[in-house]
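Read off the chains here:
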Amino acid sequence: MTDQTVSPDAAATERPFQADVARLLDLVVHSIYSDREIFLRELISNAADACEKLRFESATGQAPAPADGFRILIELDKDKKTLSVVDNGVGMTRDDLESGLGIIANSGTRAFLEKLDSAKDKVSSEALIGRFGIGFYSSFIVADRVDVFTRRAGQSQGWRWSSDGKSAYTVAESDDAPAFGTRVVLHLKTDAEDFLEPARVESVVAEHSAGVPVPITVRAAGAEDRKVSDGAALWARPRGEITPDQYKELYQNVSGQFDEPALTIHWRAEGRHEFDALAFIPGSRPFDLFSPERKGRSRLYVRRVLVSTDADLLPPWLRFVTLIVDSADVPLNVSREIVQKSPVLGAIRKAVVGRILQELAKLAENDPAKYSEVWANFGAPLKEGLYEDPERRDALFGLARFISSTHPEGGRTLAHYVADLRPNQTAIYYLTGADAEALAASPHLEGFRAKGVEVLLLSDPVDAFWVSTAVGFEGKPFRSITQGAPDIANIPLAEGQTEREKPELDASAATCIARIKETLGDRVSDVRASDRLAESAACLVASDLAPDRALAKILAGAGRLDASMKPVLEVNLGHPLLRALAALKGPDSADTFAEASGLVFDLAQIAEGEAPDHAPDVARRLSNWMARALAGNAGA
Ligand code: ADP
Ligand code: MG
């Protein structure tokens, strides 16, 4: 046997890792103490991927395959203190080595790093790393040197990649590469020598990798080979024979997450198109759920041959689902792009989406507590479906859960809302904004509270969009309470509420409103007396024809709307502040009036959770007012 631990070849070129990688290495190696065994899961998953790639290439006549079938070998060598993971899969060219192991080109990894940086203070990085797949680099948790010997299927040249995982790696030609595939040799650190024990390794494989669709054997000197996994595809087995742990382990392998699936859906579709499907709803949010580069987690198999790990089987709003589909009806073509365009796939996609929505509805009915967790994690992407996929709108309306002004605990459905409509109520009212707490305290709600009218409080960014495109629910349109004039005059007061004394819009009030408008100039499109306020002095609303204020903010932020759309200032004429303002008379009061009007506007902004236009200026003016008020008190 050739020595695979020779010192670096003189001809080998040394290359530094990219900065990302150096940072990741450092984090991985220094943060993981408890979950260190996950390195094996990562290496086995790469080995299995490599076998499945070659299985595809040989099935489509592009490359030869090993005569005795695909397998993964884990070799333990107590003398050399090495653990090797050997596969007879597709192998790597020099370029593959450089791009696969030398840099992190993969956007998922970059998003992970960013998330890690921003979340570092809140969660231990150990907990974070433990939750995500971290790939080949996890080798350096247990090894102080890693050698990779590899040969690309169909090519004669073999390579050796070698690194201590610190700052650089070398790549050189090598005659020690296996005939097919890759041998990853870990030179174990002294504190990781427990991984030289077959029993230890077998239990890790059984726990993390038994569902991998390639057989796995553990080989140790002086002992017989032990097959620890038979490589049968889990999804093709009868459901009754599969344990929850086996499902969980497959889910973790495919999704790269470490949590438990909240929902496992396994079925065999019969009829026009037959396929096996296995879908998992994760138990927690994937870290890159809102990253635009998030890749799908859909695996498409054609008769057990993996065709794509990024199959276009789910709409973007189901991007959190981990899905495996195995079909006999899809043509196995050399070009994955052609496979993706197969009409059969369109039909499968439709069936899969329908089934997932159906199972979610079932969960909502049978286990509301569990369902509310799912909704808390994935309600936001699901709501994207409300405007992206009108065909699914009714099903999604059935799944949607809301927090409302009358039900701050949440869990409200649109059906609940409509069943509890007040007499003469003609619309479904909502309030959108970025901050759920600010919404619940919004002055806009005052008039609706007095009439016992429920208002949906929508705080996901996507909410502003679907409410503006949805036609309504059960014949009731959606209506923003910050847009236009409220139409709740005909709704009777709630029990226990007394009619507020409606301040008269007399000449002095009308003059006051006109003066405020003149003073505020182009900060407002109009100033008017409010019907919706009870305790607050003022609030801002969108004019009748303008989009809802929350939506306007998002559109202006995206440069899609002229930011010059001015709000309407509504004032509460019954409020002491407005009364006092209307009573200000005389030539000396002009400055005071102007300053007070400005502050009324600023305070309305603040009450909505917005920053005022010129915060330092507002602070300065408020301090002046307080100083004067206090001095007045001291004098009295
Ligand atoms: P990921 O598996 O998520 O792509 P990894 O860090 O695990 O990330 O692996 C990086 C890349 O290196 C893989 O995408 C693959 O191209 C290549 N690679 C790793 N291990 C093997 C292997 N045993 N055989 C062939 N290619 C491999
Ligand atoms: Mg991997």
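Reading guide: rules and limits
- Residues numbered from 1 in each chain as written.
- Chains lettered and ligands numbered in written order.
- Predicted model: local features only at pLDDT ≥ 70, side-chain atom pairs only at ≥ 80, totals over all residues.
- Heavy atoms only, no water.
- Near = heavy atom within 4 Å.
- Polar contact = N/O pair within 3.5 Å; in protein donor to acceptor, adjacent residues only side chain to side chain.
- Areas by Shrake-Rupley, 256 points an atom, 1.4 Å probe, with all protein chains shown as cover.
- Helix = DSSP H or I, 4+ residues; strand = E, 2+ residues; numbered from the N terminus.
- Nonpolar A, V, L, I, M, F, W, Y, C, P; charged D, E, K, R; others polar.
- Axes fitted to C-alpha atoms, helices over the stretch in contact; angles between N-to-C directions.
- Parallel < 35°, antiparallel > 145°, perpendicular 65-115°, else oblique.
- Contact = heavy atoms within 4.5 Å.
- Pairing = 2+ DSSP bridges.
- Core = buried A, V, L, I, M, F, W, Y, C linked by side-chain atoms within 4.5 Å.
- Buried < 20%, exposed > 50% of the residue type's maximum accessible area, 1.4 Å probe, protein only.
- Domains from an automatic or database assignment.
- Phe/Tyr/Trp six-rings, centres within 6.5 Å; stacked < 30°, edge-to-face > 60°.
- Lys NZ or Arg CZ within 6 Å of the ring centre and 35° of its normal.
- Expected span 1.5 Å × (residues − 1).
- Bend = angle between axes of the 7 residues up to and from the residue.
- Salt bridge = Lys/Arg side-chain N within 4 Å of Asp/Glu carboxyl O.
- pLDDT = per-residue confidence, 0-100.
- Arc of directions from axis to C-beta.

### Quick notes on the site of ligand 1
- For ligand 1, the full set of nearby residues is Asn46, Ala50, Asp87, Met92, Gly100, Leu101, Gly135, Phe136 and Thr182.
- One of the side-chain N or O atoms of Asn46 is found 2.7 Å from an oxygen atom in ligand 1.
- At 2.9 Å from a nitrogen atom of ligand 1 is found a side-chain nitrogen or oxygen belonging to Asp87.
- The fraction of the free accessible surface of ligand 1 (540 Å²) that becomes covered by protein chains is 72%.
- Those elements giving two or more residues to the shell around ligand 1 turn out to be helix H2 (38-59) and helix H3 (94-102).
- Each residue belonging to the shell around ligand 1 can be placed in one class, and the counts come to four nonpolar, four polar and one charged.

### Re the packing of helix H7 (residues 198-208) against helix H8 (residues 244-255)
- H8 packs onto H7 with a crossing angle of 85° between their chain directions and a minimal axis gap of 8 Å. Relative to H8, the element H7 is oriented roughly perpendicular. On H8, the residues touching Ala206, Glu207 and His208 of H7 are Glu249, Gln252 and Asn253.
- Across the contact of H7 with H8, the residue classes break down as one nonpolar, three polar and two charged.

### Quick word on the environment of Ile324
- Tracing the chain through its elements places Ile324 in strand S14 (residues 322-327).
- When the C-alpha positions of Ile324 and Asp276 are compared, they lie 8.0 Å apart, and in sequence the two are 48 residues distant.
- The residues touching Ile324, leaving out its near neighbours within four places in the chain, are Trp235, Leu250, Val254, Asp276, Ala277, Leu278, Arg299 and Tyr301.

### Observations regarding the sheet that holds strand S16 (residues 428-432)
- Taken in spatial order, the four strands make up an open sheet running S15-S17-S16-S18, and their pairing is mixed. The outermost strands of the open sheet, each flanked by one partner alone, are strand S15 (403-404) and strand S18 (478-480).
- Here three bridges tie S16 to S18, and the two strands are oriented parallel to one another. Residue pairing across strands places Tyr429 opposite Arg479, the latter belonging to S18.

### A look at the nonpolar core
- Ranked by internal contacts, the top residues of the largest apolar core, which has 73 residues, are Ile356, Trp466 and Phe478.
- Broken down by element, this core gets its largest block of residues, 10 residues, from helix H10 (residues 343-366).
- Counting contributing residues, this core receives three or more from each of domain 2 (235-377) and domain 3 (402-499).

### Focus: the packing of aromatic side chains
- Overall, the coordinates contain 16 aromatic pairs when judged by the stated rule.
- With a centroid separation of 5.8 Å and 20° between ring planes, the pair formed by Trp161 and Tyr169 is classed as stacked. The burial state of Trp161 is the same as that of Tyr169; both residues are buried.
- Taken together, a centroid distance of 5.3 Å and an interplanar angle of 55° make the contact between Tyr251 and Phe280 tilted. Linking Tyr251 in helix H8 with Phe280 in strand S11 (residues 275-281), this pair joins segments that are 29 residues apart in sequence. Across this residue pair, the class does not change: Tyr251 and Phe280 are buried.
- Taken together, the aromatic side chains of Phe136, Tyr137, Phe140, Trp161 and Tyr169 make up a single cluster linked through ring pairs.
- Against the face of Phe593 rests Arg515, its NZ or CZ located 4.0 Å from the ring centre.

### Details of helix H11 (residues 368-388)
- Compared with the 30 Å implied by 1.5 Å per residue over 21 residues, the 26 Å span of H11 between its first and last C-alpha is markedly short.
- Phe378 marks the point of greatest bend in H11, at about 65°, and the proline Pro381 comes within the next four residues.

### Details of unusual backbone geometry
- Of note, Arg303 is a non-glycine position whose phi angle comes to about 45°, a positive value.
- The residue Arg303 is located in the loop between strand S12 (297-302) and strand S13 (305-308) in this model.
- The residue Arg304 is not glycine, and still its phi comes out positive at about 70°.
- Summarising the element assignment, Arg304 is placed in the loop between S12 and S13.
- Accessibility expressed as a relative area gives 37% for Arg304, which makes it partly exposed.

### Comments concerning the pattern of salt bridges
- By the definition in use, this model includes 37 salt bridges.
- Among the salt bridges present, the one from Asp147 reaches Arg160, with a minimum N-O distance of 3.7 Å. In this pair, Asp147 is assigned in strand S4 (residues 143-151) and Arg160 in strand S5 (residues 158-163), connecting sequence segments 13 residues apart. For the pair shown, Asp147 and Arg160 are each scored as buried.
- With a closest N to O distance of 2.8 Å, Glu202 and Arg226 form a salt bridge. Here Glu202 is found in helix H7, whereas its partner Arg226 is found in strand S9 (residues 226-229), with 24 residues between them in sequence.
- Since its relative accessible area comes to 13%, Glu202 is described here as buried.
- Residues joined by salt bridges that share partners form a network here, namely Arg523, Asp602, Asp613, Asp617, Arg620 and Arg621.

### Considerations on the sheet that holds strand S21 (residues 568-571)
- A sheet is described by the order of its strands in space; here three strands give the open sequence S19-S21-S20, paired in mixed fashion. At either margin of the open sheet sits one strand with a lone partner, and together these are strand S19 (526-529) and strand S20 (538-541). Averaged over all neighbouring strand pairs, the angle between strand axes comes to 25°, with direction disregarded.
- Sitting on the sheet, helix H17 (residues 507-520) is in contact with S19 and S21, with an inclination near 155° to S19.

### Some words on the confidence of the model for the protein chain
- A residue-level look at the protein chain finds 87% of positions with pLDDT of 70 or above and a mean pLDDT of 85.
- Throughout residues 104-108 the model reports pLDDT below 50, and contacts reaching past four residues in sequence, or to other chains, amount to eight contacts.
- The low-confidence segment residues 120-131 (pLDDT under 50) makes 23 contacts with residues lying over four places distant or belonging to another chain.

### Some words on helix H19 (residues 576-583)
- For H19, every residue scored as buried is listed here: Leu578, Leu581 and Ala582. Around the axis of H19, the buried residues are gathered within 95° of arc, so they sit on the same side. More than 90 degrees from the buried face of H19, the exposed residues found are Pro576, Arg579 and Ala583.
- Looking at the buried residues of H19, the elements they touch are H17, S21 and helix H20 (590-607).

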